[in-house]
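Commentary on secondary and tertiary structure
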Amino acid sequence: MKALIESLKVDYLLDRQLLLLSNGERKRVQLVSAIMSDADLYIFDQPFLGLDVQSRAILHEKLEELKAAGKTIVLVGNKRDIPTCTDRLVEMSKGTIKQVTPYHDYTQEAEDPFAKLNAQDLDLPLESDLQEYGNVVKLTDVNIKSLGEPLLSDINWTIRDHERWLLSGHNGSGKSTLLSMITGDNPQVYTNDVIMFGNKRGNGESVWEIKQKIGFVSPELHLYFMRQTKLTGHHFSMQHSLDCLSVVVSGFNEEIGFSSANSIHQTNMAKQWLEALNLSYLIKKQFAEISLGEQRMLLLVRALIKNPPLLILDEPCQGVDYEYTQRFTHLLDVIAEKLNTTMIYVTHAADEVPSCITHKIELKNGKVKEINSINN
């Protein structure tokens, strides 16, 4: 047991509260708990999601050890995370089994690339040009603690208009905490020197005024749109998921998991965005019924529809297969060129980084490890 805890590097987490762990740290704790069960059959549903590069390599080793010990493993994942110890592969498409084959005989069918969009031909229904602020974000000597434990230490980071940043770091490095300072979700923003959109935080602005200027996508966000909350009389009830058009429209007012009555103008704007990005075929579909890749692209449109000064994409391709990842990053590159959008992009995977990135910052143990520009 001790060797397992040390190999998956969760020994330093045992005394921490679960709420203080990052997504990747919680995933490693869950994996240790599952492996320690000493079962005959292991079912892993997307076990690589949220893990940094080192943790992914360790998990591959543990899967090899489980197989060598005679354990049966069923793993659900995307094509780039197939363990080398795999015997047979079942590929599904649209709810049906596409092929069952020995792993070493598996061949991936080539797919046509996503619509060949380019910035010059892209006609987006923008109501206004992006406002410029000089310093969109400026953090000076930012320090964050929780229960006396430092989460961020001496963070200095300036994001200027039109810069597109890659934010990286191992699980637990402080990325989520850093993002919470920018999105306004961390109350310790008021005890630190934080400038957002040219103004120092704590001068009377509301959190919603900050959020109105930010477009946001994360792996967890799509879960809030899988069910719709409806007020009937004095009671709330859960309905079927929102339709895709309502999900996009909800971006106007930053509504999460529901949508107010759509105005004709907002509905038309949403339709024009979807048509411009070759996604109009989703308009009449329910959000819960489309693929994960389509959900992420739809949430990107939702984040962009108000033409925000800052776009934050927190692991937007997590759990999405390689084909949709390529589609998503291509779409993002085209939109970034068209809008000249200021962006923060978070990922562990090098093949998920869009080519439009201009700068990068890497965290390690709550501190800045590296910060520089990228020559594209």
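For clarity, every value in this text was computed on a predicted model and none was experimentally measured.

**Overview of the overall build of the protein**
Helix and strand content of the protein: nine helices and 16 strands. Summarising the internal contacts of the protein: among those between residues at least 6 apart in sequence, 64% fall at separations of at least 24.

**Examining unusual backbone geometry**
Backbone geometry at Q46 places phi at a positive 50 degrees, although glycine is not the residue there. Along the chain, Q46 falls in the loop between strand 1 (41-45) and helix 3 (53-68). Even without a glycine there, the phi angle at E315 is positive, about 45 degrees. By secondary structure assignment, the location of E315 is in the loop between strand 13 (310-314) and helix 9 (322-339).

**Focus: the pairing of strand 5 (residues 135-146)**
For strand 5 and strand 6 (residues 149-160), the ladder comprises eight bridges, and the chain directions are antiparallel. What sits directly across from V137, in strand 6, is I159. Connecting the antiparallel pair strand 5 and strand 6 is a turn made up of two residues, with L147 showing a positive phi of about 55 degrees. Judged from the four bridges that link them, strand 5 and strand 8 (residues 193-196) form a sheet pairing that is antiparallel. Paired with K138 across the two strands is I195, which belongs to strand 8.

**Here's the deal with the pattern of salt bridges**
Taken as a whole and assessed by the stated rule, the structure comprises nine salt bridges. Note that K71 is salt-bridged to D38, the shortest N-O span being 3.2 Å. With K71 in the loop between helix 3 and strand 2 (72-76) and D38 in the loop between helix 2 (23-35) and strand 1, this residue pair connects regions lying 33 residues apart in the sequence. Among the ionic pairs, K369 bridges to E362, the shortest N-O distance being 3.7 Å. By relative accessible area, which is 52% here, K369 ends up exposed.

**Observations regarding empty space enclosed by the protein**
Under the counting rule described, the total for this entry stands at three cavities of 30 Å³ or more. Computed from the structure, the largest cavity encloses a volume of approximately 130 Å³. The wall of the largest cavity is formed by 16 residues, among which R56, R80, E315, Q318 and E352 lie closest to the centre. Classifying every residue of the lining of the second largest cavity gives four nonpolar, four polar and two charged.

**Concerning the sheet that holds strand 10 (residues 214-217)**
The strand order across the open sheet built from six strands is 10-13-14-7-15-16, with neighbouring strands paired in mixed fashion. Every interior strand has two partners, whereas the edge strands, strand 10 and strand 16 (367-373), have only one. Strand-to-strand, the axes of this sheet are offset by a mean angle of 15 degrees, without reference to chain direction. Bridge analysis of strand 7 (residues 164-169) against strand 15 (residues 359-364) gives five bridges, and the strand direction is parallel. Bridge pairing links L167 to I361 in strand 15. Contacts from helix 8 (residues 292-304) reach strand 10 and strand 13 within the one sheet, and its direction differs from that of strand 10 by about 170 degrees. Running over the sheet, helix 9 touches strand 7, strand 13 and strand 14 (342-346) and is turned about 160 degrees from strand 14.

**Digging into helix 3**
Structurally, the α-helix is built with 3.6 residues per turn, so residues lying three or four positions apart point the same way. With 16 residues, helix 3 should reach 22 Å at 1.5 Å per residue; the first-to-last C-alpha distance of 23 Å fits that figure. For helix 3, the complete set of buried residues consists of S55, I58, L59, K62, L63 and L66. The arc enclosing the buried residues of helix 3, seen along the axis, measures out at 145 degrees, which places them on a common side. In this structure, helix 3 carries V53 and A68 as exposed residues pointing more than 90 degrees from its buried face. Among the residues trailing helix 3, G70 stands out with phi positive, at a value near 85 degrees.

**Topic: the packing of aromatic side chains**
If you walk through the whole model with that rule in mind, you get four aromatic pairs. With a centroid separation of 5.5 Å and 75 degrees between ring planes, the pair formed by W157 and W165 is classed as edge-to-face. Across this residue pair, the class does not change: W157 and W165 are buried.

**Regarding the nonpolar core**
Counting 48 residues, the largest nonpolar core has W273, L277, L298, L300 and L313 as its most contacted members. Contributions of two or more residues to this core are made by helix 6 (244-249), helix 7 (264-276), helix 8, strand 13, helix 9 and strand 14. It is helix 9 that contributes the most residues to this core, eight residues altogether. Setting aside anything within four residues of it in sequence, one finds L298 in contact with C244, V247, V248, L274, L282, F287 and I290.

**Focus on the side chain of N186**
One can find N186 in the loop between helix 4 (175-183) and strand 8. Here the side chain of N186 touches Q188 through a polar contact of 2.9 Å, landing on its backbone nitrogen. Dropping the residues within four chain positions of it, N186 is found in contact with I144, T177, S180 and M181.

**Examining the packing of helix 8 against helix 9**
Contact pair helix 8 / helix 9: the axes reach a minimum separation of 10 Å and the direction vectors enclose 15 degrees. With respect to each other, helix 8 and helix 9 are oriented roughly parallel. The element helix 8 and its partner helix 9 pack so that their crossing is right-handed. Counting all contacts with helix 8, which are made through G293, E294, R296, M297, L300 and L304, the residues of helix 9 involved are Y324, F328, L331, L332, I335 and L339.

Conventions and cut-offs
Position labels on residues start from 1 in each chain and follow its written sequence. Only residues with pLDDT of at least 70 are given local features in this predicted model, and only at 80 or more are side-chain atom pairs given and counted; all residues enter the totals for whole chains, interfaces and linings. Side-chain measures here rest on the full set of heavy atoms in the structure, leaving out hydrogens and waters. Here a strand is any run of E in DSSP of at least two residues, a helix any run of H or I of at least four, and the numbering for each starts at the N terminus. Any pair of residues with heavy atoms lying within 4.5 Å of one another is described as a contacting pair. At least two DSSP bridges between two strands are needed for those strands to be called paired. By convention in these notes, a salt bridge is any Lys or Arg side-chain nitrogen within 4 Å of a carboxyl oxygen on Asp or Glu. Think of it in three bands: residues with accessible area under 20% of the maximum for their type are buried, residues over 50% are exposed, and the middle band is partly exposed, with areas taken using a 1.4 Å probe on protein chains only. Here a cavity denotes grid points, spaced 1 Å and computed from the protein atoms alone, that fit a 1.4 Å probe unable to get out, and a pocket denotes an open set having protein on both sides within 12 Å along at least 5 of 7 lines; residues with an atom within 4 Å of a point are the lining. Grid points are joined across faces, edges and corners, and a volume is the space filled by probe spheres set on the points. Note on residue classes: Ala, Val, Leu, Ile, Met, Phe, Trp, Tyr, Cys and Pro are nonpolar, Asp, Glu, Lys and Arg are charged, and everything else, Gly too, is polar. A fitted line through C-alpha atoms represents every axis, and for helices the fit uses only the stretch in contact; the resulting angles, taken between N-to-C directions, go from 0 to 180 degrees. Expected span of a helix, by definition, is 1.5 Å for each gap between consecutive residues, and there is one gap fewer than residues. To obtain the arc, one takes the directions from the helix axis to the C-beta atoms. Centres within 6.5 Å are what make two rings of Phe, Tyr or Trp a pair, Trp counting through its six-membered ring; a difference in plane orientation under 30 degrees is then read as stacked, over 60 as edge-to-face, and the rest as tilted. Nonpolar core, defined: a set of buried Ala, Val, Leu, Ile, Met, Phe, Trp, Tyr and Cys residues in which side-chain atoms within 4.5 Å join the residues together. Distance and chemistry together define a polar contact, namely a pair of N or O atoms within 3.5 Å, with one atom able to donate a hydrogen and the other to accept it when in protein, and with adjacent residues in sequence counting only for side-chain atoms on both sides. Each angle receives one of four descriptions, namely roughly parallel if under 35 degrees, roughly antiparallel if over 145, roughly perpendicular if within 65 to 115, and oblique otherwise. Each helix crossing is assigned a hand: it is left-handed if the near helix lies turned anticlockwise from the far helix by less than a right angle, otherwise right-handed if that turn is clockwise.

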